[in-house]
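Report on the structure
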Amino acid sequence: MNTKRVTRSRPGRLIAAAVLAVAVAFPLGVTGAASAATTLTVAQALAAQDGRTATVTGYVIGQPTATTTVLTSGFTADTAIAIADQAGETGTGRMLYVQVTAAWRSTFGLLTNPSLRGRQVTAAGTLTAYFSHGGLKSPTAMSLGGGTTPSPTPSPTPTPSPTGTAGPDAYYASAAGKTGPALRTALHGIIKVQTKLSYDQVWDALKDTDQDPANPANVVLLYSGRSQSKTSNGGGVNDWNREHVWAKSHGDFGTATGPGTDVHHLRPEDVSVNSSRGNKDFDAGGGAVAEAPGCYTDADSFEPRDAVKGDVARMILYMAVRYEGGDGWPDLEPNDSVSNGSAPRLGRLSKLLAWNDQDPPDAFEKRRNQRIYERWQGNRNPFVDHPEWARSIWG
């Protein structure tokens, strides 16, 4: 641009030229070209998720823990905040998830600073997805701005939306009165609507869903029944890790988002006990399993302890109804074999049905189902709410 011509222009033309210069220098549609000095609203930042660097201002709503879940109390970590243009925002689709890296956690982490909720915050960083949601990552600057909200904001409603006070009966309304194949089809249509987690997010989910009711700092391990610190997760001796009750090799779905990360069948378990179970089908009998009293195993099967036999059965039946092969994942199905290999089958069905009858849902299992519904996936395990439906579908 000719600087002398701009200088000699009339005031209106001078302003227009300056605006044009900014537009040319920082075209909005070019990755990384937007100026970090220009402060965006949350709405603008959500519309610009292309890796550019930007500065965004918004009100702190809470701590994001999943794609559509934001905690507004009971914060569990200092690693992320959700901000919005309105201090009373409840829709997660209008929130920006801001990563809080180590340098900023002492000031901007909600676990350490719960009073931060409702304050206005300005953050500079990269506009890119976080928790598979519109986000700002790797902040280079964070500062407080504005005042507090006049009153606390309500908890956001997860998507898919839970039925809330209406209870499970309303959730299963479309399945009412059905039996057999019609019931199965109806249940599949209901529970397939869910929030999908990453495999890393499963760690946080299990620390919530499997919390020891007698010690909130611990989780209860599925097969061994041991109460163990939530922070002792990992791959070392006596750590706990993520047990796929429907073994991921039965259908070869791995740990990709989908059946491999569905918390309805993932449970915390001792590393060595998890290894003893491996990818075996379920059946009765075998030798005692070290570190898991009441569990038995042989070359091709695993028997869980009596207190969770029904839990195991209902997790397997959930997976069979949820994953019917219509959404890009294998069609999972229980059968009466213990030699299923990598086929998307898992047995022994007759034993699972007997365990479902023998060990009805207890308070721990019911709470777990509710937490997954309310805070993590937005769907339920119908066989925890209605164990009698197992016989209606499989006889």
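The sections below set out a description of the structure shown in this document. This structure is a prediction, so every number in the text was calculated from the model and none was measured. (Residues numbered from 1 in each chain as written. Predicted model: local features only at pLDDT ≥ 70, side-chain atom pairs only at ≥ 80, totals over all residues. Heavy atoms only, no water.)

**So, unusual backbone geometry**
- Note that the residue after G347, namely R348, is joined by a cis bond; omega there is 0°.
- Mapped onto the elements of the fold, R348 is located in the loop between strand 18 (345-346) and helix 10 (349-358).
- In the Ramachandran plot, F131 falls in the positive-phi region, its phi being about 55° despite a non-glycine side chain.
- Relative to the assigned elements, F131 resides in the loop between strand 6 (120-127) and strand 7 (135-144). (Helix = DSSP H or I, 4+ residues; strand = E, 2+ residues; numbered from the N terminus.)

**Digging into the pairing of strand 9 (residues 215-220)**
- Strand direction decides the pairing type here: strand 8 (residues 211-212) and strand 9, joined by 2 bridges, are antiparallel. Pairing of Q211 across the sheet is with V219, part of strand 9.
- Linking strand 8 back to strand 9 in an antiparallel pair, the connection comprises 2 residues.
- Note: strand 9 against strand 10 (residues 227-229), 3 bridges, orientation antiparallel. (Pairing = 2+ DSSP bridges.)

**Notes on the side chain of K309**
- Mapped onto the fold, K309 is located in helix 9 (residues 309-322).
- In this structure the side chain of K309 is engaged in a polar contact, spanning 2.7 Å, whose partner is the side chain of D306.
- With residues up to four places along the chain from it excluded, the contact list for K309 reads E303, P304, W355, Q358 and D359. (Polar contact = N/O pair within 3.5 Å; in protein donor to acceptor, adjacent residues only side chain to side chain. Contact = heavy atoms within 4.5 Å.)

**Considerations on the packing of aromatic side chains**
- With the rule as written, the count across this model stands at 8 aromatic pairs.
- Look at W203 and W240: their rings are 5.5 Å apart centre to centre, the planes differ by 70°, and that puts the pair in the edge-to-face class. Of the two residues, W203 is situated in helix 7 (residues 199-209) and W240 in strand 11 (residues 240-244); the sequence distance between them amounts to 37 residues. Across the pair, W240 and W203 agree in class, each one buried.
- Consider the rings of F383 and W394, whose centres lie 5.8 Å apart with planes at 50°: the pair is tilted. Residue F383 is located in helix 12 (residues 382-385), and its partner W394 is located in helix 13 (residues 389-394); the two are separated by 11 residues in the primary sequence. As far as the burial class goes, F383 and W394 line up, both buried.
- A network of ring pairs unites the aromatic residues Y171, Y172, Y373 and W389 as a single cluster. (Phe/Tyr/Trp six-rings, centres within 6.5 Å; stacked < 30°, edge-to-face > 60°. Buried < 20%, exposed > 50% of the residue type's maximum accessible area, 1.4 Å probe, protein only.)

**Some thoughts on the side chain of T209**
- Mapped onto the elements, T209 comes out in helix 7.
- Judged by relative accessible area, T209 falls into the buried class, the value being 0%.
- Reaching out from T209, the side chain makes a polar contact with the side chain of D210 at a distance of 2.7 Å.
- Each residue touching T209, except ones within four places of it in the same chain, is listed here: V263, F364, R367, R368, R371, I372 and W376.

**A few points about the sheet that holds strand 10**
- Here we have 3 strands laid out as an open sheet, ordered 8-9-10, and antiparallel in their pairing. Taken across any chain shown, the strands that pair with only one partner, and hence form the sheet edges, are strand 8 and strand 10.

**Focus on the packing of helix 7 against helix 11 (residues 363-376)**
- Running from N to C, helix 7 and helix 11 cross one another at 135°; their axes reach a closest spacing of 9 Å. In this view, helix 7 runs oblique relative to helix 11, as classed from their interaxial angle. The handedness of the crossing between helix 7 and helix 11 comes out as right-handed. Touching Q201, D204, A205, L206, D208 and T209 of helix 7 are F364, R367, R368, R371, I372, R375 and W376, all from helix 11.
- Of the residues assigned to the contact of helix 7 with helix 11, the class counts are 5 nonpolar, 2 polar and 6 charged. (Axes fitted to C-alpha atoms, helices over the stretch in contact; angles between N-to-C directions. Parallel < 35°, antiparallel > 145°, perpendicular 65-115°, else oblique. Left-handed = near helix turned anticlockwise from the far one by under 90°. Nonpolar A, V, L, I, M, F, W, Y, C, P; charged D, E, K, R; others polar.)

**Quick word on the environment of G395**
- If you trace the backbone, G395 turns up in the segment after helix 13.
- With 45 residues separating them along the chain, G395 and S350 place their C-alpha atoms 9.5 Å apart.

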